[in-house]
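Given next are the chains, with one letter for each unit.
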Amino acid sequence: MDSNPKKINGDVDGESTERDIVEVGPPDKPAQQETELIRLQQQLELKEQEAKSNYDRLLRQAAELENFKKRTAREHDEAIRFANEYLIKDLLPVLDNLERAVAHAKGGGSGKPIVEGVEMVLKGFLDVLTRHGVIQVSAVGQPFDPVKHEAMTQLERDEHPPNTVVEEHHKGYLLHDRLLRPALVSIAKARETQEKKNGGGEVENGPSDG
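The structure displayed is predicted, hence computed values, not measured ones.

Undergrad: Is there a simple way to explain a nonpolar patch on the surface in this structure?
TA: A contiguous nonpolar surface patch, about 420 Å² in accessible area, is contributed by Ile88, Leu92, Leu95, Leu98 and Val102. Its place among the elements puts valine 102 in helix α2 (residues 85-106). Judged by its relative accessible area of 41%, valine 102 is partly exposed.

The following block contains the structure:
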């Protein structure tokens, strides 16, 4: 017989020690997948809630913008419609004074008080226009300015340089820096000499006697 000890199942020196073999199988994939699915579903629900919240906010903002547009358009229309409100309020006292002047004239008042009353009304009217930025254009005695003056005719004047405004048929007005209406004027021109009128270089004489 063989006297050498045999190694059986990893025996050392004839001592038999069986090893416990523990098999580690693959991870529990179904459980992990279910957990991941739950997590994804939760994320999806959060995103859906966020999307719904954003959509509701968008609808509210769109409604607010539409209301703002309507309100702005309404205020713009009212501003245009009542743009002259302050001017008209300031003109009402002028109208009152004018009505009083007419009533006084119908009552048989003398001419001088009527003239003074009309002058007072005119001054009040001009004061109102001035407060609202309306300024009369200077014309008579000024050099002709085609921007502010409109020439109707030319008049021969020795006492005024040519192109000087000598008559004003109606006044011109500025609204701040913008021309509302040019002044309608007549301007001076140099007097033509008798030689130019006759078309020759010598003065034309009348028929001689004899």
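Continuing now.
Undergrad: Can you help me understand the nonpolar core in this one?
TA: Most often, soluble globular proteins keep nonpolar side chains buried together rather than apart. Core analysis: the largest hydrophobic core is formed by five residues, namely Ala139, Val165, Ala183, Val185 and Ile187. No other element matches strand β6 (residues 183-189), which puts three residues into this core. Not counting residues within four places of it along the chain, the set of residues in contact with valine 185 comprises Ala139, Phe144, His149, Glu150, Ala151, Met152, Thr153, Val165, Glu167, Glu168 and His169.

Undergrad: Sorry if this is basic, but what is going on with the sheet that holds strand β3 (residues 165-170) here?
TA: Two strands in a sheet stick together by hydrogen bonds in their backbones, pointing the same way (parallel) or opposite ways (antiparallel). As summarised here, the arrangement of the three strands in space is β2-β6-β3, forming an open sheet in which the pairing is mixed. Strand pairing shows two members of the sheet lacking a second neighbour, β2 (149-156) and β3, which therefore form its edges. This sheet shows a mean twist of 25° between the axes of neighbouring strands, independent of strand direction. Pairing analysis gives seven bridges linking β2 to β6, with the strands arranged parallel. Across the sheet, residue glutamate 156 finds its bridge partner in β6, namely lysine 189.

Undergrad: Help me understand unusual backbone geometry in this model?
TA: Both trends apply: most residues other than glycine have a negative phi, and most peptide bonds are in trans. In this structure, asparagine 163 is a non-glycine residue whose phi angle is positive, near 65°. Summarising the element assignment, asparagine 163 is placed in the loop between β2 and β3. For asparagine 163, a relative accessible area of 43% translates into the label partly exposed. Even without a glycine there, the phi angle at histidine 176 is positive, about 60°. Its place among the elements puts histidine 176 in the loop between β4 (173-175) and β5 (178-181). Given the relative accessible area of 54%, histidine 176 is considered exposed.

Undergrad: What exactly am I supposed to notice about the sheet that holds β4 here?
TA: Taken together, the three strands give an open sheet; going across it, the order is β1-β4-β5, and neighbouring strands pair in antiparallel fashion. The open sheet has two edge strands, β1 (134-136) and β5, and neither has a second partner. Neighbour-to-neighbour, the strand axes of the sheet open up by a mean angle of 35°, direction not taken into account. As defined by bridge partners, β4 adjoins β5 across three bridges and the pair is classed as antiparallel. Across the sheet, the residue bridging to leucine 175 is arginine 178, located in β5.

Undergrad: Explain the pattern of salt bridges to me, please; I cannot follow it from the model alone.
TA: If the charged atoms of two oppositely charged side chains come close together, the side chains can form a pair. Taken as a whole and assessed by the stated rule, the structure comprises nine salt bridges. Residues aspartate 56 and lysine 52 are paired through a salt bridge, measuring 3.3 Å at the closest nitrogen-oxygen approach. Taken together, the residues aspartate 56 and lysine 52, both in helix α1 (residues 29-81) and four residues apart, mark about one turn of the helix. Exposure remark for lysine 52: the relative accessible area of 56% places this residue in the exposed category. A salt bridge links glutamate 167 to arginine 157, with the shortest nitrogen-to-oxygen separation between them at 3.6 Å. Here arginine 157 lies in the loop between β2 and β3 and glutamate 167 lies in strand β3, a separation of ten residues in the sequence. Looking at arginine 157, the relative accessible area reads 25%, which means it is partly exposed. Salt bridges linked by common partners bring Arg157, Glu159 and Glu167 together as one network.

About the thresholds
Residues numbered from 1 in each chain as written. Predicted model: local features only at pLDDT ≥ 70, side-chain atom pairs only at ≥ 80, totals over all residues. Heavy atoms only, no water. Patch = residues over 30% accessible without salt bridge, like charges linked within 9 Å, V, L, I, M, F, W, Y side chains within 5 Å. Areas by Shrake-Rupley, 256 points an atom, 1.4 Å probe, with all protein chains shown as cover. Salt bridge = Lys/Arg side-chain N within 4 Å of Asp/Glu carboxyl O. Helix = DSSP H or I, 4+ residues; strand = E, 2+ residues; numbered from the N terminus. Buried < 20%, exposed > 50% of the residue type's maximum accessible area, 1.4 Å probe, protein only. Core = buried A, V, L, I, M, F, W, Y, C linked by side-chain atoms within 4.5 Å. Contact = heavy atoms within 4.5 Å. Pairing = 2+ DSSP bridges. Axes fitted to C-alpha atoms, helices over the stretch in contact; angles between N-to-C directions.

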